[in-house]
Amino acid sequence: MNKYSLSTIFAGILWGIISLFLKNLSAIGFSSMQVLMFRGIISSVILFVFIFIKDKNLLKIKFADIWMFVGTGVISLTFFSICYFRTILEIGSSVAVILLYTSPIFVLIFSCILFKERINLSKIVALVLTFAGCIFVTGLPGSGSYISAKGIFIGICAGFGYALYSIFSRYALAKYDSLTVTFYTFVFSGLSIIPFCGMNHAAELISVKSVFLICGIALFCTVLPYIFYTFGLSGLETGKAAILVTVEPLVGTLIGIFVWNEDVSVLKVCGILMIFSAVILLGRKSEQN
């Protein structure tokens, strides 16, 4: 498995640990939108300092290319985040994460049309394994619960928005370093969320603990995984990267089991094995290519 595949998988692992921070911030009183806003702004500050020290030239972009970062930051990150959290409210987190991970389907379609990437048998098998694994991991089969059409539509919009990051960043990476792409993604996303987050209420919740948690979610669940994922995209086919990163729900489920004492079922174990199989399949193909 090459460095690009490993980088993409590591991004999914870091995204998967987000509940360690989110649950504690929610218990303090922060809304999802407030967390997203602080995450975007603090991530921008962290990356700005790092890039300024490393190479100030990486902060330079052309005005004509701003559309790329509006795409990664607003159209993708902000849009899918709003849709995703709305889906959770409408139909619950288990179904929401399944719909979010329709994203590899959109990525494969877009990549085939825009970048002329081939949709071969290994990608199709990996995609089926991934989607089935996500369903099993979240325990949806046999739940018997009613799911609204509105909730499904918003959830698919979340998956569509999530997929757009891979597409817009592919264009940006053709002209800019992965650090530049990641930095401006956070800048545009953080600024675009401010009108939705209720700043006055958020300011009242600031404490040493909340600052520690917000900085943690910004660094470990935002800056680092986006850097790793964007780097992975620079050396992998877009569709392949989109499937590899789906280790995220797998990691999230394992944390739920071992940290939050959530129930373990045969379905969850089967789902974990399916996702692992898809990752191994694509990883071996990357080595062969």
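Residues numbered from 1 in each chain as written. Predicted model: local features only at pLDDT ≥ 70, side-chain atom pairs only at ≥ 80, totals over all residues. Heavy atoms only, no water.

A short note on the confidence of the model for the protein
A low pLDDT means the predicted coordinates there should not be read in detail.
Consideration 1: Looking at the protein as a whole, the pLDDT averages 84, with 91% of positions reaching at least 70.
Consideration 2: Looking across the protein, the model is least confident in helix α5 (residues 93-100), with a mean pLDDT of 69, and most confident in helix α11 (residues 208-233), with 93. (pLDDT = per-residue confidence, 0-100. Helix = DSSP H or I, 4+ residues; strand = E, 2+ residues; numbered from the N terminus.)

Quick look at helix α13 (residues 247-258)
Consideration 1: Taking 1.5 Å per residue, 12 residues should reach 16 Å; α13 reaches 17 Å between its end C-alpha atoms and fits that length.
Consideration 2: When you tally the buried positions in α13, you get 9 out of 12 residues, the bulk of the element.
Consideration 3: All of the buried residues in α13 are V247, E248, P249, L250, V251, T253, I255, G256 and I257. (Expected span 1.5 Å × (residues − 1). Buried < 20%, exposed > 50% of the residue type's maximum accessible area, 1.4 Å probe, protein only.)

Structural notes on the environment of D55
Consideration 1: Residue placement: D55 occurs in the loop between α3 (32-54) and α4 (66-91).
Consideration 2: Here the alpha-carbon distance between D55 and L273, two residues 218 residues apart in the chain, equals 42 Å.

Structural notes on the side chain of S169
Consideration 1: Tracing the chain through its elements places S169 in helix α8 (residues 149-173).
Consideration 2: For S169, a relative accessible area of 0% translates into the label buried.
Consideration 3: From its side chain, S169 meets the backbone oxygen of Y165 in a polar contact 2.5 Å long.
Consideration 4: When residues no more than four places from it in sequence are discounted, the contact partners of S169 are T72, V181 and L233. (Polar contact = N/O pair within 3.5 Å; in protein donor to acceptor, adjacent residues only side chain to side chain. Contact = heavy atoms within 4.5 Å.)

Re a nonpolar patch on the surface
Consideration 1: Taken together, I41, V45, F48, V49, F52, I53, L191, I194 and M199 make up a surface patch of nonpolar side chains, about 810 Å² in accessible area.
Consideration 2: Looking at which element gives the most residues to the nonpolar patch, the answer is α3, with 6 residues.
Consideration 3: One can find V45 in helix α3. (Patch = residues over 30% accessible without salt bridge, like charges linked within 9 Å, V, L, I, M, F, W, Y side chains within 5 Å. Areas by Shrake-Rupley, 256 points an atom, 1.4 Å probe, with all protein chains shown as cover. Salt bridge = Lys/Arg side-chain N within 4 Å of Asp/Glu carboxyl O.)

Let's talk about empty space enclosed by the protein
Consideration 1: According to the stated counting rule, one finds 3 cavities of 30 Å³ or more in the structure shown.
Consideration 2: Considering only enclosed or pocket space, the largest cavity measures out at about 90 Å³ in volume.
Consideration 3: Sorting the residues of the lining of the largest cavity by element identifies α6 (103-114), α8 and α11 as the ones contributing at least two each.
Consideration 4: Sort the elements by how many residues they give to the lining of the largest cavity and α8 lands first, with 4 residues. (1 Å grid on protein atoms, 1.4 Å probe; cavity = no way out; pocket = protein on both sides within 12 Å on 5 of 7 lines; lining within 4 Å. Points joined across faces, edges and corners; volume = space filled by probe spheres on them.)

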